[in-house]
Amino acid sequence: MAVLDILVYPDPRLREIAEPVVRVDDGILALVDDMAETMYQAPGIGLAAIQVNVPQRVIIIDVSKDQSELRVFINPQIVAREGNQEIEEGCLSVPEVFAPVQRSESIVVRALNREGERFETRAEGLLSVCIQHEIDHLDGKVFVDYLSRLKQERILKRLQKQAKRAVPTASAQDAVTL
Ligand code: GNR
Ligand code: NI
């Protein structure tokens, strides 16, 4: 098991469309384990493989209070949706930024589990939001895409400042003085 690096917006690799998993093999299971360790230590309630630079259609979610209900969705598809809800979203790839986003209230998801078997489940509330947020990642989308251009520009500026704070390397300093 390993904690993986999480790509940070606006990294262009977050714009890739993830490929369907062809076979749920040991490599995919090892990826799921590493993703879980990465999500729990962040800490976050969801993670898409693309966020750790693996462009495959794998997402994990745990919305429990005590990190006891890991859910794994491989090749997830939303097959039904109903209603609307808006909650304040955050993203491990957009650190320290939170904003309300409109999503479907209740969804039905079809996916493969860790055994490679097909299953279907209904989700509402936070779980439903999280699944929609993660599937967006697989399609190269980030929650800030739903915000106004003004908010997107503010977020980009904030992340640029954060990056300078976090990594005061020679190259980052050069970029400022150019
Ligand atoms: O940790 C996360 N919290 C969260 C809160 C509200 C709506 C969605 C999320 S998902 C996010 C983890 C993440 O970035 N997943 O891609
Ligand atoms: Ni996210």
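Use the structure listed above.
Described in the following lines is the structure provided in the data block. (Residues numbered from 1 in each chain as written. Chains lettered and ligands numbered in written order. Predicted model: local features only at pLDDT ≥ 70, side-chain atom pairs only at ≥ 80, totals over all residues. Heavy atoms only, no water.)

1. Examining unusual backbone geometry
Residue Y9 is joined to P10 through a cis peptide bond whose omega torsion reads 5°. Its location among the elements puts P10 in the segment before α1 (26-41). Notably, N75 is not glycine yet its phi reads approximately 50°, a positive angle. Looking at the element boundaries, N75 is found in strand β3 (residues 71-82). (Helix = DSSP H or I, 4+ residues; strand = E, 2+ residues; numbered from the N terminus.)

2. A short note on the coordination of the nickel ion (ligand 2)
Every protein donor of the nickel ion (ligand 2) is listed here as C91 (SG), H133 (NE2) and H137 (NE2), and their distances to the metal cover 2.1 to 2.3 Å. One chain supplies every donor for the nickel ion (ligand 2), spaced along it as C-x41-H-x3-H. Placement of the pair is C91 in strand β4 (residues 85-91) and H137 in helix α2 (residues 125-138), with a sequence separation of 46 residues. Judged on exposure class, the residue C91 and its partner H137 are both buried. (Donors = N, O, S within 2.8 Å, 3.2 Å for Na, K, Ca; no water. Buried < 20%, exposed > 50% of the residue type's maximum accessible area, 1.4 Å probe, protein only.)

3. Looking at the pairing of strand β5 (residues 94-103)
Direction of pairing for β4 relative to β5: antiparallel, over a ladder of six bridges. Within the sheet, the bridge partner assigned to E88 lies in β5 and is P100. Between β4 and β5, which pair antiparallel in sequence order, lie two residues. (Pairing = 2+ DSSP bridges.)

4. Quick notes on the environment of Q41
Within the secondary structure layout, Q41 lies in helix α1. Given a relative accessible area of 53%, Q41 falls into the exposed group. Measuring from C-alpha to C-alpha, the distance between Q41 and V3 comes to 7.8 Å, with 38 residues separating the pair along the chain.

5. Looking at the site of ligand 1
Around ligand 1 lies a shell of 13 residues, among which I45, Q51, L92, E134 and H137 are the nearest. G46 places a polar main-chain atom, nitrogen or oxygen, 3.2 Å from a nitrogen atom of ligand 1. One of the side-chain N or O atoms of H133 is found 3.2 Å from an oxygen atom in ligand 1. In the complex, 90% of the free accessible area of ligand 1, which totals 380 Å², lies under the protein chains. Of all elements in the fold, only β4 and α2 reach the threshold of two or more residues within the shell around ligand 1. Residue composition of the shell around ligand 1, grouped by class: four nonpolar, six polar and three charged. (Near = heavy atom within 4 Å. Polar contact = N/O pair within 3.5 Å; in protein donor to acceptor, adjacent residues only side chain to side chain. Areas by Shrake-Rupley, 256 points an atom, 1.4 Å probe, with all protein chains shown as cover. Nonpolar A, V, L, I, M, F, W, Y, C, P; charged D, E, K, R; others polar.)

6. Observations regarding the side chain of S104
In this fold, S104 is placed in the loop between β5 and β6 (106-112). By relative accessible area, S104 is classed as buried at 11%. Every residue in contact with S104, bar those within four places of it in the chain, is listed here: R81, E82, G83, N84, Q85, S128 and Q132. (Contact = heavy atoms within 4.5 Å.)

7. Focus: α1
In a regular helix each residue adds 1.5 Å, so 16 residues correspond to 22 Å; α1 covers 23 Å between its end C-alpha atoms and thus fits that length. By the burial criterion, the buried members of α1 are I28, L31, V32, D34, M35, A36, T38 and M39. Those residues of α1 hidden inside the fold are in contact with β1 (46-48), β2 (58-61) and β3. Backbone nitrogen of G27 and a side-chain oxygen of the N-cap are separated by 3.1 Å at the start of α1; the cap is D25. (Expected span 1.5 Å × (residues − 1).)

By themselves these figures say nothing about function.
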